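Structural characterization, general
The residues making up each chain are set out below.
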Number of protein chains: 2
Amino acid sequence: MSNSSKPATASPEQLELTSLLAECGLKVTRPRLSVLKIFKNSTHPLSAQEVAAALPTVPALPAINGVTIYRILDSFKTSGLIREVNLRHGHLDYELIDHADHHHHIVCTKCGLTEDLYSCGVSGLIKAAIKNSRNFATVNEHSVELFGLCRKCIKL
Amino acid sequence: MSNSSKPATASPEQLELTSLLAECGLKVTRPRLSVLKIFKNSTHPLSAQEVAAALPTVPALPAINGVTIYRILDSFKTSGLIREVNLRHGHLDYELIDHADHHHHIVCTKCGLTEDLYSCGVSGLIKAAIKNSRNFATVNEHSVELFGLCRKCIKL
DNA sequence: TGCTAAATGCAAGTTAGTTGCAACAAGTAG
DNA sequence: CTACTTGTTGCAACTAACTTGCATTTAGCA
């Protein structure tokens, strides 16, 4: 039984995903590997539903439950693998945290097209906020989202 | 019947709210006046539920339906009276648009305390985004939210 | 004063996300 | 290699936020 529960050979990609999970102290399971792989291959933030839709349906394997996806997203968030972003789509989106890659988003309010922005410029604002506020002590996170129209939608 | 449907005297506040609605092309109704008044008196963004909770319960008058609140928020938003803000509370918040008063928010991720920020500093980012993006044509809106801990919560 | 379009109330439905609990499986100790 | 323990998953039911359809009412205006 060489291919009953474990693949005969593990691809380098699979190995990378596995160690990424292990490093975060998360057990390596099939659902988690699948979800992580989807994020790795995605160019934009994903909602829980998009993750669900992107899950491969292998006839031989049982489908992954919707609840499990929420719980995986939660565990990934807690362990710092992904972050929540709010793109005003009426639900939460998630994206991998690549520590070398701090960015924000620009969203088309008509079609939902999303691009990353690689400049930021709020560090001054953060400093000023802490300095001027009597109530706040620290700023750990921030979101900057631009909302506009893409070239396609502005023509409609 | 002097006090059956209309008050004998209209307060200056009532008059102001009335004309504000009229200017926006909205019919002046009791539910709308109540909701607008709540926003006028609030120092922070409000959710639909908070608006509902803040509605006065005058025994003589029928209560205002929850659905109506959503519809009022929608009409206020469409006519530019209020704006949506996303403070990661799992629902949408709304605040009056005061055109002289462009601001953003700083939110405590533990207790939800919210303050306004009166500096912004993203105009450079917006210009750069339009210039560098092949896909985007205009930026009409933006959100900047800082998330951190207030002095109370950081001690816990 | 009466008309008409807009606003409201009510009931039911939808969507996103959560909770409790039993079954299962990853990692580890023996 | 096997057995144990704890974290993970699946299922079903539930909640919160918000929406829709339709009948009724009412603001604004002729």
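Our structure is the block above this text.
This write-up is about the structure you can find in this document.

Conventions and cut-offs
Residues numbered from 1 in each chain as written. Chains lettered and ligands numbered in written order. Predicted model: local features only at pLDDT ≥ 70, side-chain atom pairs only at ≥ 80, totals over all residues. Heavy atoms only, no water. Least-squares fit on C-alpha atoms with pLDDT ≥ 70 in both. Contact = heavy atoms within 4.5 Å. Near = heavy atom within 4 Å. Polar contact = N/O pair within 3.5 Å; in protein donor to acceptor, adjacent residues only side chain to side chain. Helix = DSSP H or I, 4+ residues; strand = E, 2+ residues; numbered from the N terminus. Nonpolar A, V, L, I, M, F, W, Y, C, P; charged D, E, K, R; others polar. Phe/Tyr/Trp six-rings, centres within 6.5 Å; stacked < 30°, edge-to-face > 60°. Lys NZ or Arg CZ within 6 Å of the ring centre and 35° of its normal. Buried area = accessible area lost by both parts, 1.4 Å probe. Salt bridge = Lys/Arg side-chain N within 4 Å of Asp/Glu carboxyl O. Pairing = 2+ DSSP bridges.

1. Description of the relation of the copies chain B and chain A
Mapping chain B onto chain A leaves a residual RMSD of 0.1 Å; the transformation is a rotation of 180° accompanied by 0.1 Å of translation along its axis. In short, the pair behaves as if placed about a two-fold rotation axis. It is B:Val144 whose C-alpha, among those of chain B, lies nearest the rotation axis, at 2.2 Å. When the interface residues of chain B are mapped onto chain A, 100% of them again lie at the interface, so the same face is used by both copies.

2. Some points on the protein's contact with DNA strand C
Near DNA strand C, the surroundings consist of 20 residues, among which A:Val28, B:Thr29, B:Arg32, B:Thr68 and B:Arg71 are the closest. Between A:Arg71 and DNA strand C, the recorded distance is 3.4 Å, taken from a side-chain N or O atom to a base oxygen. Between A:Leu92 and DNA strand C, the recorded distance is 3.3 Å, taken from a backbone N or O atom to a phosphate oxygen. Contributions of two or more residues to the surface near DNA strand C are made by helix H3 (48-54) and helix H4 (66-78) of chain A together with helix H2 (30-41) and helix H4 (66-78) of chain B. With 4 residues, H4(B) is the largest single contributor of residues to the surface near DNA strand C. Looking at the surface near DNA strand C residue by residue, the classes come out as 10 nonpolar, 5 polar and 5 charged.

3. Topic: the packing of aromatic side chains
How two aromatic rings sit relative to each other is given by the distance of their centres and the angle of their planes. The tally for this structure, following the rule as stated, stands at 0 aromatic pairs over all chains. One residue, A:Arg88, lies across the ring of A:Phe147, its end atom 4.0 Å from the ring centre.

4. Observations concerning the interface of chain B and chain A
Taken together, the contact between chain B and chain A spans 38 residues of the former and 38 residues of the latter. Summed over both partners, the interface of chain B with chain A comes to about 3500 Å²; 56% of that surface belongs to carbon and sulfur atoms. Summed over the shared surface of chain B and chain A, the number is 2 salt bridges. The salt bridge partner of B:Glu141 is A:Arg88, with a shortest N-O separation of 3.3 Å. Taken together, chain B and chain A are joined by 25 residue pairs in polar contact (both at pLDDT 80 or more). When residues of the side of chain B that touches chain A are traced back to their parent elements, those giving at least two are strand S4 (104-108), strand S5 (114-117), helix H5 (123-132), strand S6 (136-150) and helix H6 (151-155) of chain B. Top element by residues in the side of chain B that touches chain A is S6(B). It accounts for 15 residues. Bridging between strand S6 (residues 136-150) of chain A and S6(B) involves 13 bridges; their strand directions are antiparallel. Looking at S6(B), one finds that A:Thr138 is bridged to B:Leu149.

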